[in-house]
Amino acid sequence: RHAESADKWLDLSRHFPENYCKNITKLNFPEWYVACFMSEATDSSIWGTYGNNHSAVCLKFKTSGEPNTRRLRLNTPSGYGPKGRSFSWQDLPFDKISYDEDFVEIDFFNSLGELPEPVILNEWFVNDEDEISPRYERMITDLTEWRKEYHLNRSKSTTIKTRDWLKEKEYRLSIVNTPDARHRCIKYEFESLEGIIFGIKTRADDKIKIINLVERMCVEQGRTSFSFYQARYDSQMQGIKIDRIGALAPRYK
């Protein structure tokens, strides 16, 4: 027991300040989870890092909407009831990553968006003399404007990166408040997958397995075509070029 108490005290004295700061930020914005996409697949270093040293593949999706408001249809969590988490098909908008903007400075006491209003008033914005903080008064004076600013800051905090990442040309799809990992395995429609890009070093037997799998899925879902692409090094442009190597037409109807 003495050793257990000593360990708890050591953890409290050494790690509590850091853990406290990490967890208190959760009072500002909900936990969010993201799937990352790129507008191009021609950067060699990215293929080397994310593409298992050029031996993996890249999925190419079809999106909908206007150029600045592209969306992808996904089966996402939409509610919670007696039977647990419910899902529905929704067109999720892509958030384009900014590499030029400054990071958002979060005013902690003006961003307590994860707490119910009674908790904010009774536990955070009132003292022992029942004096209410001006921060609370500002928030409820124009709640609509406060909420607008709050959600804008939340969005910016998840869509800004330094210029070191510029070459990724990243877009993101995000969901919030979905702590269970099983519910974050989001499904997309097979029709949304326009094609697959093979890496420079993708093994021939892996390509055959993928093509056979896609062909079976096309047959099962009545799809008439599917595109395949091959990444290769172009010596003239000194970079990666993506060639379309054919469209799969299922052999069985």
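Look up: the structure comes first, before these words.
Here is what the cut-offs are and how they apply
Residues numbered from 1 in each chain as written. Predicted model: local features only at pLDDT ≥ 70, side-chain atom pairs only at ≥ 80, totals over all residues. Heavy atoms only, no water. 1 Å grid on protein atoms, 1.4 Å probe; cavity = no way out; pocket = protein on both sides within 12 Å on 5 of 7 lines; lining within 4 Å. Points joined across faces, edges and corners; volume = space filled by probe spheres on them. Nonpolar A, V, L, I, M, F, W, Y, C, P; charged D, E, K, R; others polar. Core = buried A, V, L, I, M, F, W, Y, C linked by side-chain atoms within 4.5 Å. Buried < 20%, exposed > 50% of the residue type's maximum accessible area, 1.4 Å probe, protein only. Helix = DSSP H or I, 4+ residues; strand = E, 2+ residues; numbered from the N terminus. Phe/Tyr/Trp six-rings, centres within 6.5 Å; stacked < 30°, edge-to-face > 60°. Pairing = 2+ DSSP bridges. Expected span 1.5 Å × (residues − 1). Arc of directions from axis to C-beta.

**Q** Pulling in residues and values, what's your account of empty space enclosed by the protein?
**A** Within this structure, the stated rule accounts for one cavity of 30 Å³ or more. By volume, the largest cavity amounts to about 30 Å³. Around the largest cavity sit Trp32, Val34, Asp95, Thr158, Thr159, Arg172 and Ser174, which together line it. Residue composition of the lining of the largest cavity, by class: two nonpolar, three polar and two charged.

**Q** An account of the nonpolar core is needed here, citing residue identities and associated values.
**A** Judged by nonpolar contacts, Ile24, Phe29, Phe108, Leu112, Leu115, Ile120, Phe125, Tyr136, Met139, Trp146 and Tyr150 together constitute the single largest core of 11 residues. Elements with a minimum of two residues in this core: helix H4 (134–141) and helix H5 (143–157). One finds Phe190, Phe198, Cys218 and Phe226 within the second-largest nonpolar core, a separate group that totals eight residues.

**Q** Report on the packing of aromatic side chains, specifying residues and quantitative values.
**A** On inspection of all chains with the given rule, the structure shows 14 aromatic pairs. Taken together, a centroid distance of 5.6 Å and an interplanar angle of 35° make the contact between Phe16 and Tyr20 tilted. Taken as a pair, Phe16 and Tyr20 lie in helix H1 (residues 2–24) at a separation of four residues, close to a single helical turn. On the basis of relative accessibility, which here comes to 44%, the residue Phe16 falls in the partly exposed class. Here the aromatic rings of Trp146 and Tyr150 are separated by 5.3 Å at their centres, their planes lie at 10°, and the arrangement is stacked.

**Q** Got a sec to walk through the sheet that holds strand E1 (residues 32–38)? Specific residues and values, please.
**A** Across the sheet, which stays open at both edges, the three strands sit in the order E1-E6-E5 with antiparallel pairing between neighbours. Each end of this open sheet is capped by a strand with a single partner; those strands are E1 and strand E5 (95–96). Judged from the seven bridges that link them, E1 and strand E6 (residues 170–176) form a sheet pairing that is antiparallel. Among the inter-strand pairings, Met38 is bridged to a residue of E6, identified as Glu170.

**Q** Give me the pairing of strand E3 (residues 71–81): which residues, what numbers.
**A** Here E3 pairs with strand E4 (residues 84–93) via 10 bridges, running antiparallel. Among the inter-strand pairings, Tyr80 is bridged to a residue of E4, identified as Arg85. The turn linking E3 back onto E4 is made up of two residues. Across two bridges, E3 lies against strand E7 (residues 187–188) in antiparallel orientation.

**Q** Outline helix H6 (residues 204–221), listing residues and values.
**A** If you check H6, its first and last C-alpha atoms are 26 Å apart, about what 18 residues at 1.5 Å a residue would give, namely 26 Å. Along H6, the residues that are buried comprise Val214, Glu215 and Cys218. An end-on view of H6 places all buried positions within 105° of arc, on one side of the element. Within H6, the exposed residues directed more than 90 degrees away from the buried face are Lys209 and Glu220.

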